[in-house]
Number of protein chains: 2
Amino acid sequence: MAKRSDTQGRLDDAARAGWLYYVAGRTQDEIAAAMSISRQSAQRLVSLAVAERLIKVRLDHPIAACLELAEALRKKYDLKHVEVVPSDPAGSSSTVGIAEAGAAEIERWLKRPDPIVIAVGTGRTLKAAVDQLPPMECPQHRIVSLTGNIGPDGSAAFYNVIFSMADAIKARHFPMPLPVLCSSAEERETLHDQALVRSTLELGAQADVTFVGIGELGPDGPLCVDGFLGKEEMQKLVREGAAGEICGWVYDNQGKLLANSINDRVASVPIPSRETSSVIGLALGRKKFQAISAALKGNIINGVITDEATAEQLLGR
Amino acid sequence: MAKRSDTQGRLDDAARAGWLYYVAGRTQDEIAAAMSISRQSAQRLVSLAVAERLIKVRLDHPIAACLELAEALRKKYDLKHVEVVPSDPAGSSSTVGIAEAGAAEIERWLKRPDPIVIAVGTGRTLKAAVDQLPPMECPQHRIVSLTGNIGPDGSAAFYNVIFSMADAIKARHFPMPLPVLCSSAEERETLHDQALVRSTLELGAQADVTFVGIGELGPDGPLCVDGFLGKEEMQKLVREGAAGEICGWVYDNQGKLLANSINDRVASVPIPSRETSSVIGLALGRKKFQAISAALKGNIINGVITDEATAEQLLGR
DNA sequence: TTTGCTCATGGGCAATTACTCGTTAAACGG
DNA sequence: CCGTTTAACGAGTAATTGCCCATGAGCAAA
């Protein structure tokens, strides 16, 4: 073994040790014995092989791509939590996979023994996720709704998810006995001054984790479809640069809340602090791309659950 | 997380855990926390991902192919030690690489602090390996030659390697003061009865490790070239099914020693037990393929150092 | 030749991981 | 519906691995 101090020889040894360790599955002790070096040296060679990128690991499973996309998204937007689910090739439903994944994440939070406050927004996607929740007993937690549960016509809004959720998991729940949009900023002030509403507002601010849907704008967006906004108002919003909405809060394509008459009238609880809690958006699909992208850019949310295709769009791939 | 008992979901989890562990480099504790499972379960998932071949490791280094060939050879012939060196594309010399690798392996044994007995055969390949040995101080070991050092013309044989080796490593050495071939079986008995020879024979039987060259037969094989056998005798041997020789012991293509007049006259020490010691053959090249293959099949050697091309031949690739 | 620097080495120790065992829960078959 | 079988789980423990540090060899500049 004439000269082993040269770099090439050392890399050869590193490759050999790395191969024995990762491919052949030997222990570092065995490698050390086989190469007549100390175990510590074997360990150094293995870690050198890793550091020099000689060994490459890949995951042969559909989920692998998702995890990579998730990691890329997490880095790009500095997120606390990202989940990317495989895209349904048929791609018809907007809740395939994401609902299960969202439910799984909600369930992870619910499993915690220490009491937490979970805030939820509204929307079809979130509803689908909550519908996937298994029956549980979580009396230690509290669920608070960020949005009002009174529809534009006075009836209960369909996609207010808090009741389904509370039903499934047996937790104390705090709905917002309000409409989604008030008629004016003054009315909102009055309504928010009510004792019941005020405590809900305070609870919302304490949320440990928040799950929200992300709504796109335009005549087919949920705000219009569910009758909260007329088409004219919607067109005006879009002209003013609105890109999406979360719990009724409308933001532009940089994720900045618009300073306009709509946001002055939104009765929802302010979205909990992204500094102290996780705010996780559930959304996928080409139609919602702009809304998701803007929400991420503006740090309105610091977590996202989406699908492969949308994740790739968000990464500009 | 509706159903997690199904195999698909479990594999997904395994993939996720495997990805987090191997790609993201998280610890199993972190994975367990992230997936809301116990650390033991995380470990099970990671090991499941490995068992199910979900994670694949690849080594980007020329030596990887050699290591794979070595592992395959080791399994095919149940060998104790295999080393495969990259083939020299020019392929002219029969000692390129193999000499260095052989020297490295000899050196590994020499580095051992506990006293061992090293037996050596003869041949050009082995000589080249020994010439690569760095100066060492190994007074604790003993080297014994398996073959005589007297050539057919009464001079010292060229490729008896024990003197070069002893010179380089300063160890006690035990040459065989004999020819390679005796004139008859009776002469061999007489010679082996000498006190000096007898102790060498006994020492050879105790060898902890043996390094031998592998000779091909035919008019260009070492036995003929070095003048130990005439062409007529060689032709007779080949007709009788001889496929190769190690230390003068001639065997057929199944690695069985031939029961003929040549083996009765070979003065060499019997090849040490493959049950209790390592017998490592050094050889490469198309010409020696048959000899190597037969030696491996017949378990005459239980270790081999060769090159990529020869290894592929041996594996029938 | 001496001095100072760098780097590989091996010992020791703490962290991490793998395995075994007894228990529990779920699936299966009668 | 009940007993059997299988698989998964958690706890505990042994094995393995990662990392820090003191040491000494190799080497270049003084």
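- If you look chain A up in an unreviewed UniProt entry, it shows as Putative sugar-binding domain protein.
- Looking at the Sequence similarities (unreviewed entry) heading of the UniProt record, one finds this comment for chain A: "Belongs to the SorC transcriptional regulatory family."

1. Topic: the nonpolar core
Then, number 1: In terms of nonpolar packing, the biggest core is built from 58 residues, with Leu73, Val84, Ile214, Ile246, Tyr251, Leu296 and Ile301 of chain B touching the most fellow members.
Then, number 2: Counting residues per element, this core draws most heavily on helix H4 (residues 63-77) of chain B, at six residues.
Then, number 3: Not counting chain neighbours up to four residues away, the residues in contact with Leu73 of chain B comprise Asp78, Leu79, Val82, Val84, Thr306, Ala311, Leu314 and Leu315 of chain B.
Then, number 4: With 57 residues, the next largest nonpolar core counts Met176, Ala207, Ile246 and Val250 of chain A among its residues.

2. So, the interface of chain A and chain B
Then, number 1: Contacts between chain A and chain B engage 34 residues on the former and 34 residues on the latter.
Then, number 2: Of the roughly 3600 Å² buried between chain A and chain B, counting both surfaces, carbon and sulfur atoms make up 59%.
Then, number 3: Linking Glu83 of chain B and Arg16 of chain A is a salt bridge whose minimum nitrogen-to-oxygen distance equals 3.9 Å.
Then, number 4: Counting only elements with at least two residues in the side of chain A that touches chain B, the list comes to helix H1 (7-23), helix H2 (28-35), strand E1 (55-59), helix H4 (62-77) and helix H5 (98-110) of chain A.
Then, number 5: Here the element with the most residues in the side of chain A that touches chain B is H1 of chain A; it accounts for eight residues.
Then, number 6: Tallied by class, residues from the side of chain A that touches chain B come to 18 nonpolar, four polar and 12 charged.
Then, number 7: Relative to strand E1 (residues 55-59) of chain B, E1 of chain A runs antiparallel, the two being bridged by five bridges. Bridge assignment links Arg58 of chain A to a residue of E1 of chain B, and that residue is Lys56 of chain B.

3. Re the relation of the copies chain A and chain B
Then, number 1: Once chain A has been moved 0.0 Å along the axis and rotated by 178 degrees, it coincides with chain B to within an RMSD of 0.6 Å. What the rotation and shift describe, once combined, is the action of a two-fold rotation axis. Using C-alpha coordinates, one finds that chain A approaches the rotation axis most closely at Val57 of chain A, a distance of 2.7 Å.
Then, number 2: A shared interface surface links the copies, since 94% of the contact residues of chain A are contact residues in chain B too.

4. Let's talk about the protein's contact with DNA strand C
Then, number 1: Within the structure, DNA strand C sits among Arg10, Ser38, Arg39, Gln40, Ser41 and Arg44 of chain A together with Tyr21, Thr27, Gln28, Arg39, Gln43 and Arg44 of chain B.
Then, number 2: Measuring from a phosphate oxygen of DNA strand C, one finds a side-chain N or O atom of Ser41 of chain A at 2.8 Å.
Then, number 3: If you list the elements that add at least two residues to the surface near DNA strand C, you get helix H3 (39-51) of chain A together with helix H3 (39-51) of chain B.
Then, number 4: Broken down by element, the surface near DNA strand C gets its largest block of residues, four residues, from H3 of chain A.
Then, number 5: Grouping the constituent residues of the surface near DNA strand C by class yields one nonpolar, six polar and five charged.

5. Quick word on the packing of helix H2 (residues 28-35) of chain B against H3 of chain B
A packed helix pair is summarised by two numbers, namely the angle formed by the two axes and the spacing between the axes.
Residue and element names in this part refer to chain B.
Then, number 1: Contact geometry for H2 and H3: axes closest at 8 Å, N-to-C directions at 105 degrees. By the angle class used here, H2 and H3 are roughly perpendicular. Side by side, H2 and H3 meet where Gln28, Asp29, Ile31, Ala32 and Met35 of the first sit next to Arg39, Ala42, Gln43, Leu45 and Val46 of the second.
Then, number 2: Class assignment for the residues of the contact of H2 with H3 results in six nonpolar, two polar and two charged.

6. What about the domain arrangement of chain A?
How large an interface is tends to be reported as the accessible area lost when its parts come together.
Then, number 1: Here chain A is described as being made up of domain 1 (7-51) and domain 2 (62-314).
Then, number 2: Taken over C-alpha atoms, the centre of domain 1 of chain A sits 50 Å from the centre of domain 2 of chain A.

7. Looking at the protein's contact with DNA strand D
Then, number 1: In the vicinity of DNA strand D, the contacting residues are Tyr21, Thr27, Gln28, Arg39, Gln40, Gln43 and Arg44 of chain A together with Arg10, Ser38, Gln40, Ser41 and Arg44 of chain B.
Then, number 2: When the atoms of DNA strand D within 4 Å of the protein are grouped by moiety, sugar and phosphate amount to 49% of the total.
Then, number 3: Ser41 of chain B places a polar side-chain atom, nitrogen or oxygen, 3.0 Å from a phosphate oxygen of DNA strand D.
Then, number 4: The dominant element in the surface near DNA strand D, judged by the number of residues it contributes, is H3 of chain A, at four residues.

8. A look at the pattern of salt bridges
Then, number 1: All chains considered together, the criterion is met by 25 salt bridges over all chains.
Then, number 2: Notably, a salt bridge pairs Asp114 of chain A with Arg112 of chain A, separated by 3.5 Å at the nearest N-O pair.
Then, number 3: The class for Asp114 of chain A is partly exposed, based on a relative accessible area of 35%.
Then, number 4: Taken together, the shared-partner salt bridges in this structure form one network comprising Arg16 of chain A together with Glu83, Glu105 and Arg108 of chain B.

9. So, the sheet that holds strand E4 (residues 142-150) of chain B
All names here are of chain B.
Then, number 1: Reading across the sheet, the seven strands line up as E2-E10-E9-E6-E3-E4-E5 and stay open at both edges, with parallel pairing between neighbours. Unpaired on one side and paired on the other, strand E2 (81-85) and strand E5 (172-179) mark the two borders of the sheet. With strand direction ignored, the average angle separating the axes of adjacent strands in the sheet is 15 degrees.
Then, number 2: Where strand E9 (residues 278-282) meets strand E10 (residues 303-307), three bridges bridge the pair, whose relative direction is parallel. Each residue of the ladder has a partner; that of Gly281, found in E10, is Val304.
Then, number 3: Here helix H5 (residues 98-110) sits on the sheet and contacts E2, strand E3 (117-120), strand E6 (209-213), E9 and E10; the angle it forms with E2, its principal contact strand, is near 145 degrees.

About the criteria used
Residues numbered from 1 in each chain as written. Chains lettered and ligands numbered in written order. Predicted model: local features only at pLDDT ≥ 70, side-chain atom pairs only at ≥ 80, totals over all residues. Heavy atoms only, no water. UniProt positions renumbered as here; feature names shortened; annotations may be inferred. Core = buried A, V, L, I, M, F, W, Y, C linked by side-chain atoms within 4.5 Å. Buried < 20%, exposed > 50% of the residue type's maximum accessible area, 1.4 Å probe, protein only. Helix = DSSP H or I, 4+ residues; strand = E, 2+ residues; numbered from the N terminus. Contact = heavy atoms within 4.5 Å. Buried area = accessible area lost by both parts, 1.4 Å probe. Salt bridge = Lys/Arg side-chain N within 4 Å of Asp/Glu carboxyl O. Nonpolar A, V, L, I, M, F, W, Y, C, P; charged D, E, K, R; others polar. Pairing = 2+ DSSP bridges. Least-squares fit on C-alpha atoms with pLDDT ≥ 70 in both. Near = heavy atom within 4 Å. Polar contact = N/O pair within 3.5 Å; in protein donor to acceptor, adjacent residues only side chain to side chain. Axes fitted to C-alpha atoms, helices over the stretch in contact; angles between N-to-C directions. Parallel < 35°, antiparallel > 145°, perpendicular 65-115°, else oblique. Domains from an automatic or database assignment.

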